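A look at the structure
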Amino acid sequence: MTETNVKDTIKKEIAGKLRHTFGLTPDKAESDEVYQALSLAVRDRIMDSWTDSEQKIEAEGGKRLYYLSAEFLMGRALVNNLINLGIYDDAKEALGEMGFSLDEVEENEPDAGLGNGGLGRLAACFLDSLSTLDMPVTGCCIRYEHGLFRQKIVDGEQIEIDDNWLDDGNIWEIARPDEKAEIRYGGKITENWEDGKLRIEHTDYASVMAYPYDMPVIGYDSKAPATLRLWEARARTELDLSWFNRGDYAKAAEESALAQAISQVLYPEDNHEQGRRLRLKQFYFFAAASIQFMVNRHKETHGDVRTLPDYYTVQINDTHPTLAIPELIRILMDEEMLEWDETIDIVGRLFNYTNHTIMREALERWNEPMFREMLPRIHKIITVIDSKFCDVIWQHWPGDFEKMEDMRIIHGGEIRMANLCIAICGKVNGVSQLHANILKTTTFRDFYVIFPDKFTGITNGITMRRWLAKANEPFTRLIEKRIGLGFLKRYREYSKMAVFAEDQDFLEEFAQMKIDNKIRYRDHIFKTQGIEINENTIFDVQAKRLHEYKRQLLKVMHIMHLYHMIKEGRGEGIAPTTFIFGAKAAPGYYRAKEVIRLIFAVADLVNNDPQVSGVLKVVFIENYGVSEAELLIPATEVSEQLSTAGLEASGTGNMKFMLNGAVTIGTMDGANVEIAEAVGEDNIFIFGARVEEISRLEKDGSYRPEEIYGLDGDIRRILDSFDDGTLRVAKQFTDTKNALIYGGAGSEKPDKYYLLYDFRSYDKVYRGLTDTYADRDKWNRIAVKNALSAGIFSSDRAIEEYDGQIWHISDPSTKPCV
């Protein structure tokens, strides 16, 4: 039941904002103006809570988390904020009485272009959970003007288009120009000793100013809204009038344009020198600005920088913000005049590092000469850390130069960010239990020998506010009818739903809910992309960032296998299925972009063959993002999680699909392992080689994909169809085929992600999956079991574990005396 007075208040607030902002009455307003009016009214409510919370934290001397991440993939804010404020139904009714639909109004809000994939979604979920749990947090990132890119498909190929998400401004942000920071690049460093103290002089540098914008992020029934601080790069002088007055207008604006490039695009292409330089500038820019702000805030409030760890803790989300570490060392030594040992003690107690990749070749590293030129003082600090860390390595393995070269921070003309994090940070965590174990036993095995107490594992999580209450309102209503909505604030209450896993009424309502969500997505995708799909088919979905190890190519191979079986009269028992892909490939990632092109070529073949199209359909969702996911995931029945075992750190998409009643087919990789534990192996479809088997093949070099190609006629037929004219495209897929059989350029080994090795296992398990799907009652029970077992994957649980093991924000014993 909604409260009439709340609804009427919202109507008055909207009408007031329309009058004062646009000079309009509700009957004259368009939906975009109503969106802004409602958003401003909602923001006012959040600001009241935000202001009160900030004052309380400062007065009580509580501890605050700084969460540094290059991505925060927030999604749209309006409806999520309405849900978390507890006024969603009131606002929906208020708009309805004013002649507007909330769904229509929400469409005016762009997805914030602050992220790419799982890394950014995790960070966004964590802000939501931290606020829900009333833990003070400031997230720090760059205010990317153009985001990553908007994906457009032209003739089956990905084209990157400017994502101008800030064209109409960001109604949720508040500019804080008085808290700007100066970031210095290049120049010369002079060291002088005065009165026994090292004095550093930095001259001839180029400055860029970092201007902050704050976005409040409200959790569910929260008393402590989170802050997302976004830094925008500007030149010290926007326009050089001396050049302007001489008529050289381009030169006059040159400095401004060069500075602004830093905050224009998320992940500029780095396959050339200028792109790599810009990325390094970006990562130092937001890390340094964030640390300068934290130190200045602490000095204003508490004075002594030696007490920083009493009031703050800093989490580095992947290695992109690593330069925050030497930046704080620079500030404490060069500006606050602390000694090295005291500085390192403070920094070690302040910083912690979340690792997100197992593949050592993917760990961030920088060209040392480029780094030294751009960040001379930071480079000098890192050389000292490296030297002292080498002493530690030598103490553990005296005389082992090979070990030292492998572990040190600077080696072979490169600076290795993960090594720097491990050497300094107080804690290092993996993002699933399998991932954490691999870090300790393989990726960072020798570091674990030195620092066994540093390493831990905290499995990722997702927020039920966005991925259930917002994305799947019908399912939320089913839950509310049985246990209320307390689980949105206290995730453990979700476990009360377990008793309904065999409740016939609930099972029937759940099945109908899934059908309704499929119809909703059918209508949506036809309206927005002109794609027709049949809700009476299986919705089989693989939606995630496109990377070779995630093995979208394995799924394409299997679709081609089903196609050939139908064409050859072997298709009896193949279930009518709609295969849905959603993925963006990095602009310079040739192999990934070729997979997208291959998906479209296969779709053209399958969808236009009258013998096959009545059974199979292949669909690719253009420009897949958070808002699209909120519609697709509740409609999904089969969740494809196909990464090579041991390479996916965790995954969070698998959790979102599970929560919404999709059944997983996947490898024993990342959080799939824990999903299998939660639901039982009878309620998940596991295939493929385990981590131990992959490790053995890697070690003994016994894998021969060319032999599989020669002996397995079905696999040979699939791969041959990539370049024998079966696919009706001018440029065939010979490179893709050869990479699987013979290897790629240089010394790249064939099929390095074991697609051919796992293909037969996948095919067998997939047949079992579709056989199970044919028993609708059995399938529905499995889907319900998955959905009702997902509580453990709440990001609230993850945050509680981070706090208990690493941050100690909510622990009263850690609160300093004030």
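Before any of the text, the structure's been laid out above.
Presented here is a report on the structure given in the accompanying data block. Not measured: the values here are computed from a predicted model.

**Here's the deal with the packing of aromatic side chains**
All chains considered together, the criterion is met by 25 aromatic pairs. When the ring of Tyr185 is compared with that of Tyr284, the centres are 6.0 Å apart and the planes differ by 75°; the resulting orientation is edge-to-face. Placement of the pair is Tyr185 in strand E6 (residues 181-185) and Tyr284 in helix H10 (residues 273-301), with a sequence separation of 99 residues. Comparing Tyr185 with Tyr284, the two get one shared label, buried. Feature note: the residues Tyr67, Phe72, Phe126, Tyr802 and Trp807 constitute an aromatic cluster, connected by ring pairs. It is Lys584 that lies over the ring of Phe149; its NZ or CZ is 5.2 Å from the centre.

**Some details on unusual backbone geometry**
Backbone geometry at Asp134 places phi at a positive 60°, although glycine is not the residue there. Looking at where Asp134 falls in the secondary structure, it is placed in the loop between helix H6 (118-132) and strand E2 (137-142). If you check the backbone angles, Met337 has positive phi at about 65° while not being a glycine.

**Quick notes on the packing of helix H12 (residues 324-335) against helix H15 (residues 376-396)**
Angle between the axes and distance between the axes are the two parameters that describe a pair of packed helices. Direction vectors running N to C along H12 and H15 enclose 95°, while the axes themselves pass 9 Å from each other. Considering their axes alone, H12 and H15 lie roughly perpendicular with respect to each other. Residues Pro326, Glu327, Ile329, Arg330 and Asp334 of H12 touch H15, and the partners they reach there are Arg377, Ile378, Ile381, Ile382 and Ile385. By residue class, the composition of the contact of H12 with H15 is six nonpolar, no polar and four charged.

**What about the layout of surface pockets?**
Of the volumes computed, that of the second largest pocket is approximately 830 Å³. Around the second largest pocket sit 30 residues that line it, and Ile358, Ile438, Thr442, Thr443 and Ser695 are the ones nearest its centre. If you list the elements that add at least two residues to the lining of the second largest pocket, you get helix H16 (401-407), helix H18 (433-443), helix H19 (445-450) and helix H28 (691-700). Taken together, the residues that form the lining of the second largest pocket break down as 13 nonpolar, seven polar and ten charged.

**Points about the pairing of strand E8 (residues 197-203)**
Two elements, strand E7 (residues 188-194) and E8, share seven bridges in a ladder whose sense is antiparallel. In the sheet register, Asn192 faces E8, and the bridge partner there is Arg199. Hairpin connection between E7 and E8: a loop of two residues separates the two successive antiparallel strands, and Asp195 in this loop has a positive phi of roughly 55°.

**Describing empty space enclosed by the protein**
In this structure the tally under the stated criterion is five cavities of 30 Å³ or more. As a volume, the largest cavity reaches approximately 210 Å³. Glu548, Leu553, Arg591, Leu740 and Tyr753 are, among the 18 residues lining the largest cavity, the residues nearest its centre. If you list the elements that add at least two residues to the lining of the largest cavity, you get helix H23 (552-567), helix H24 (590-607) and helix H31 (734-741). It is H31 that contributes the most residues to the lining of the largest cavity, three residues altogether. When grouped by side-chain class, the residues that make up the lining of the largest cavity number eight nonpolar, three polar and seven charged. Along its surface, the second largest cavity is lined by Ile57, Glu58, Gly62, Arg64, Arg297, Thr301, His302, Tyr311 and Tyr312. Looking at the lining of the second largest cavity, the elements with two or more residues in it are helix H2 (31-60) and H10. A class-by-class count of the residues in the lining of the second largest cavity yields three nonpolar, three polar and three charged.

**So, the environment of Val105**
Mapped onto the secondary structure, Val105 falls in helix H5 (residues 102-106). By relative accessible area, Val105 is classed as buried at 0%. For the pair formed by Val105 and Ser31, sequence separation is 74 residues and the distance between their alpha carbons is 5.3 Å. Residues in contact with Val105, not counting those within four places in the same chain, are Ser31, Val34, Tyr35, Leu78, Leu95 and Phe100.

**Remarks on H6**
With 15 residues, H6 extends 21 Å from end C-alpha to end C-alpha; this agrees with the ideal 21 Å at 1.5 Å per step. Judged by how many residues are buried, H6 sits mostly within the fold: 14 of 15 residues are covered. Note on H6: the residue one or two positions beyond its end, Asp134, has a positive phi of about 60°.

The rules behind each value
Residues numbered from 1 in each chain as written. Predicted model: local features only at pLDDT ≥ 70, side-chain atom pairs only at ≥ 80, totals over all residues. Heavy atoms only, no water. Phe/Tyr/Trp six-rings, centres within 6.5 Å; stacked < 30°, edge-to-face > 60°. Helix = DSSP H or I, 4+ residues; strand = E, 2+ residues; numbered from the N terminus. Buried < 20%, exposed > 50% of the residue type's maximum accessible area, 1.4 Å probe, protein only. Lys NZ or Arg CZ within 6 Å of the ring centre and 35° of its normal. Axes fitted to C-alpha atoms, helices over the stretch in contact; angles between N-to-C directions. Parallel < 35°, antiparallel > 145°, perpendicular 65-115°, else oblique. Contact = heavy atoms within 4.5 Å. Nonpolar A, V, L, I, M, F, W, Y, C, P; charged D, E, K, R; others polar. 1 Å grid on protein atoms, 1.4 Å probe; cavity = no way out; pocket = protein on both sides within 12 Å on 5 of 7 lines; lining within 4 Å. Points joined across faces, edges and corners; volume = space filled by probe spheres on them. Pairing = 2+ DSSP bridges. Expected span 1.5 Å × (residues − 1).

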